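The residues making up each chain are set out below.
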Amino acid sequence: MTTRTTVELDKIGLLLDGRYENPFELLGPHEVVAAGRPAVAVRAFLPGSAQAWVVDSQHNRPQPMRCIHPAGIYEAICSMNVEQQTQYQLRIADGRGGEKLMHDPYAFPPLLTEFDLYL
């Protein structure tokens with residue numbers, strides 16, 4: 001089931017096909033406006049997951065993520081500020097009841113510079 005999201009669904013299709021040039025533009029934390037207030041949309045590609053949560057590392061509060069694409073794209077709108085954008089983890093549950101906690105690799109900036117890409 002596809003749910004309303006802050007990202008264009010055609011971009012998700014390109015990402016899933018492996019034809020989207022900059023996955024950092026879609027995945028990880030992104031500043032948005034929700035209910036007239038600044039917020040952060042956290043998106044993750046978690047294929048095979050039954051549920052997912054964003055866990056605020058400072059307060060250890062899990063916030064449920066919505067599945068926005070049946071291939072396993074999840075999104076949560078969080079009230080994090082800019083300093084907290086890399087200070088969260090993802091809690092993932094599979095269909096058999098197993099859970100794991102992991103860092104979101106897209107929460108950190110890309111390691112390649114424009115010069116690296118040029119070379």
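Thresholds, definitions, all that
- Residues numbered from 1 in each chain as written.
- Predicted model: local features only at pLDDT ≥ 70, side-chain atom pairs only at ≥ 80, totals over all residues.
- Heavy atoms only, no water.
- Pairing = 2+ DSSP bridges.
- Helix = DSSP H or I, 4+ residues; strand = E, 2+ residues; numbered from the N terminus.
- Axes fitted to C-alpha atoms, helices over the stretch in contact; angles between N-to-C directions.
- Polar contact = N/O pair within 3.5 Å; in protein donor to acceptor, adjacent residues only side chain to side chain.
- Patch = residues over 30% accessible without salt bridge, like charges linked within 9 Å, V, L, I, M, F, W, Y side chains within 5 Å.
- Areas by Shrake-Rupley, 256 points an atom, 1.4 Å probe, with all protein chains shown as cover.
- Salt bridge = Lys/Arg side-chain N within 4 Å of Asp/Glu carboxyl O.
- Buried < 20%, exposed > 50% of the residue type's maximum accessible area, 1.4 Å probe, protein only.
- Core = buried A, V, L, I, M, F, W, Y, C linked by side-chain atoms within 4.5 Å.

Engineer: Break down the sheet that holds strand β3 (residues 49-56) for me, citing the residues and quoting the values.
Structural biologist: Taken in spatial order, the four strands line up as β4-β3-β7-β8 in an open sheet, and their pairing is antiparallel. Pairing within the sheet leaves two strands with one partner each, and these edge strands are β4 (61-64) and β8 (99-103). With strand direction ignored, the average angle separating the axes of adjacent strands in the sheet is 30°. Sheet analysis places β3 next to β4, joined by four bridges and oriented antiparallel. The partner of V55 across the bridge, within β4, is P62.

Engineer: Would you mind going over the environment of D116 in detail, with residue names and values included?
Structural biologist: Its location among the elements puts D116 in helix α2 (residues 114-118). There is a polar contact of 3.0 Å between the side chain of D116 and the backbone nitrogen of T113.

Engineer: Can you break down the pairing of strand β5 (residues 66-69) residue by residue, with the values?
Structural biologist: Side-chain direction in a regular strand flips from residue to residue, so the side chains alternate between the two faces of the sheet. As defined by bridge partners, β5 adjoins strand β6 (residues 73-78) across three bridges and the pair is classed as antiparallel. When the bridges of β6 are listed, H69 appears paired with I73. Once β5 ends, the chain turns through three residues before running back antiparallel as β6, passing G72 with a positive phi of about 110°.

Engineer: Run through a nonpolar patch on the surface, naming residues and quoting values.
Structural biologist: Taken together, the side chains of F115, Y118 and L119 define a hydrophobic patch exposed on the protein surface, amounting to about 450 Å² of accessible area. Looking at the element boundaries, F115 is found in helix α2. Residue class for F115 comes out exposed when judged on its relative accessible area of 54%.

Engineer: If you had to explain the nonpolar core to someone new, which residues and values would you point to?
Structural biologist: Counting residues in hydrophobic clusters, the biggest one holds 14 residues, and the most contacted among them are V42, L46, V54, M65, Y88 and L90. Broken down by secondary-structure element, the contributors of at least two residues to this core are β2 (37-45), β3, β6 and β7 (88-94). Of all hydrophobic cores here, the second largest spans eight residues; its members include Y20, L26, L27 and I73.

Engineer: Just give me the short version of the pairing of strand β1 (residues 28-34), but keep the residues and values in it.
Structural biologist: Pairing analysis gives seven bridges linking β1 to β2, with the strands arranged antiparallel. The residue bridging E31 from the neighbouring strand is V40, located in β2.

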